[in-house]
Amino acid sequence: MHSANALATAFVPRLRQHALLFVTALVCLFTGSLHAQTPLKQINAGGPAVAPFAADNSFSAGSSFSSTATINVSGVANAAPAAVYQTVRWNSAFNYTLTGLTAGTSYQVRLHFVELSWTAAGQRKFNVAINGTAVLTAFDIFAQAGQNHALVQQFNATANSSGQIVVALSQGGADNPSIAGIEVYTVSAPVALTVTNGTGSGNYSAGTAVAIVANAPPTGQIFSGWTGGTAANFANA
């Protein structure tokens, strides 16, 4: 579980009218608990084990391809280790069948991509579906990130009646699909936030940055600060 203390040292505890609130820091203020996401599957597609990613597994077909190019992971949220992006699995069509999950339960699926071969947009386009639902269409890695640059796409998916999440890749306009890695995480329960005399109320997932804005003060008064939590509950505030 993330605690307020765990985040307090990373942020300056000052309150302003336009504060940013990290929901994970507010566990103590809400009924119930908010647990950190737990990785259940981490697969290095087309390659060997790269901690914490396991060697390639659970695929239906395809070939692996590797590169010694330096991979740029800067500015990429939830990037895998750079070595994960130095190998990919590719084919005209193939699946990853991820088993051992709880039927009917929602999970977060992170798909890791990199373009190791092509040097211009439009040279590789493909489709991705998760349990039969299209999540990416005519997806062009180079157009999104360029060559040798990590790219992460994240989706929520519900395990089927067999406790599986099936990631299916197929041709979508040019060349063949390829993928560098796959992860499956548990999904944290949303946290309810209520803001009085301001905006920002709602239900938020773990790690969400929420803009909290105070209402305009009555005539003759000025905004002086937030109440209802300690400075340690606020990030970038």
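Here, residues in each chain are numbered from 1, in the same order as that chain's written sequence. Predicted model: local features are reported for residues with pLDDT of at least 70 only, side-chain atom pairs are reported and counted for 80 or more only, and whole-chain, interface and lining totals are derived from all residues. Side-chain descriptors were evaluated using all non-hydrogen atoms of the structure, hydrogens and water having been removed beforehand.

Trainee: Can you walk me through the overall build of the protein in this structure?
Mentor: Under the scheme used here, helices are H or I runs from DSSP no shorter than 4 residues and strands are E runs no shorter than 2 residues, and both carry numbers assigned from the N terminus. Counting its regular elements, the protein contains two helices and 17 strands. Classification of residues uses two cut-offs on accessible area relative to the type maximum, computed with a 1.4 Å probe and protein chains only: under 20% is buried, over 50% is exposed, and between them is partly exposed. Residue burial in the protein is summarised as follows: out of 237 residues, 39% are buried. Summarising the internal contacts of the protein: among those between residues at least 6 apart in sequence, 74% fall at separations of at least 24. Note on areas: Shrake-Rupley, 1.4 Å probe, and residue coverage restricted to the protein chains presented here. Accessible surface, the protein as shown: approximately 11,400 Å² in total, 52% of it carbon and sulfur. Only heavy atoms enter the contact rule, under which two residues are in contact if any of them lie within 4.5 Å.

Trainee: Help me understand the environment of N203 in this model?
Mentor: Note that N203 resides in strand 16 (residues 202–204). Spatially, the C-alpha atom of N203 lies 4.4 Å from that of A192, the residues being 11 residues apart in sequence.

Trainee: Please clarify how the sheet that holds strand 7 (residues 106–113) should be interpreted in this entry.
Mentor: Strand pairing in a sheet relies on backbone hydrogen bonds, with the paired strands running either antiparallel or parallel. Read across the open sheet, the five strands follow the order 3-2-13-7-10; overall the sheet is mixed. For this open sheet the edge positions go to strand 3 (54–55) and strand 10 (151–158), each flanked by a neighbour on one side alone. In this scheme, strands are said to pair when DSSP sees at least two bridges between them. Across two bridges, strand 2 (residues 39–44) lies against strand 3 in parallel orientation. In the sheet register, I43 faces strand 3, and the bridge partner there is A54.

Trainee: I would appreciate a short explanation of the nonpolar core in the present structure.
Mentor: Considering soluble globular proteins, one finds that nonpolar side chains tend to be buried as a cluster. As used in this record, nonpolar core signifies buried Ala, Val, Leu, Ile, Met, Phe, Trp, Tyr and Cys residues forming a set joined through side-chain atoms within 4.5 Å. Membership of the largest hydrophobic core comes to 26 residues, with the highest contact counts inside it found for Y96, L111, F113, I165, V167 and I179. Taken together, the elements giving at least two residues each to this core come down to strand 6 (93–98), strand 7, strand 8 (125–130), strand 9 (133–139), strand 10, strand 11 (165–174) and strand 13 (181–186). For this core, the leading source of residues is strand 7, giving four residues. F53, V76, A150 and A180 belong to the second-largest nonpolar core, a separate cluster that totals 13 residues.

Trainee: Can you help me understand the sheet that holds strand 6 in this one?
Mentor: Spatial ordering of the open sheet is given by 6-11-8-9, a layout of four strands whose pairing is antiparallel. Each edge of the open sheet is held by one strand with a lone partner, namely strand 6 and strand 9. Recorded for the sheet is a direction-independent mean angle of 15° between the axes of neighbouring strands. Pairing analysis gives four bridges linking strand 8 to strand 9, with the strands arranged antiparallel. Axes here mean lines fitted to C-alpha atoms, for a helix over just the part in contact, with angles spanning 0 to 180 degrees between N-to-C directions.

Trainee: How should I be thinking about unusual backbone geometry in this particular structure?
Mentor: Backbone phi values are negative for most residues with the exception of glycine, while trans is the configuration of most peptide bonds. A cis geometry characterises the amide bond from A51 onward to P52, with omega recorded as 5°. Counting through the fold element by element, P52 comes out in the loop between strand 2 and strand 3. For N131, which is not glycine, the phi dihedral falls at a positive 50°. Within the secondary structure, N131 is located in the loop between strand 8 and strand 9. Despite not being glycine, D175 shows a phi value in the positive range, around 55°. Residue position: D175 is located in the loop between strand 11 and strand 12 (178–179).

Trainee: How do you make sense of the pairing of strand 13 when you look at a structure like this?
Mentor: The side chains of a regular strand alternate, first on one face of the sheet and then on the other. Burial of strand 13 is extensive: five of the six residues sit out of reach of the surface. Bridge count between strand 2 and strand 13: five bridges; the pairing is antiparallel. The residue of strand 13 that forms the bridge with Q42 is E183. Looking at chain direction, strand 7 and strand 13 are connected through six bridges and run antiparallel. Considered in strand 13, the bridge of Y107 is made with T186.

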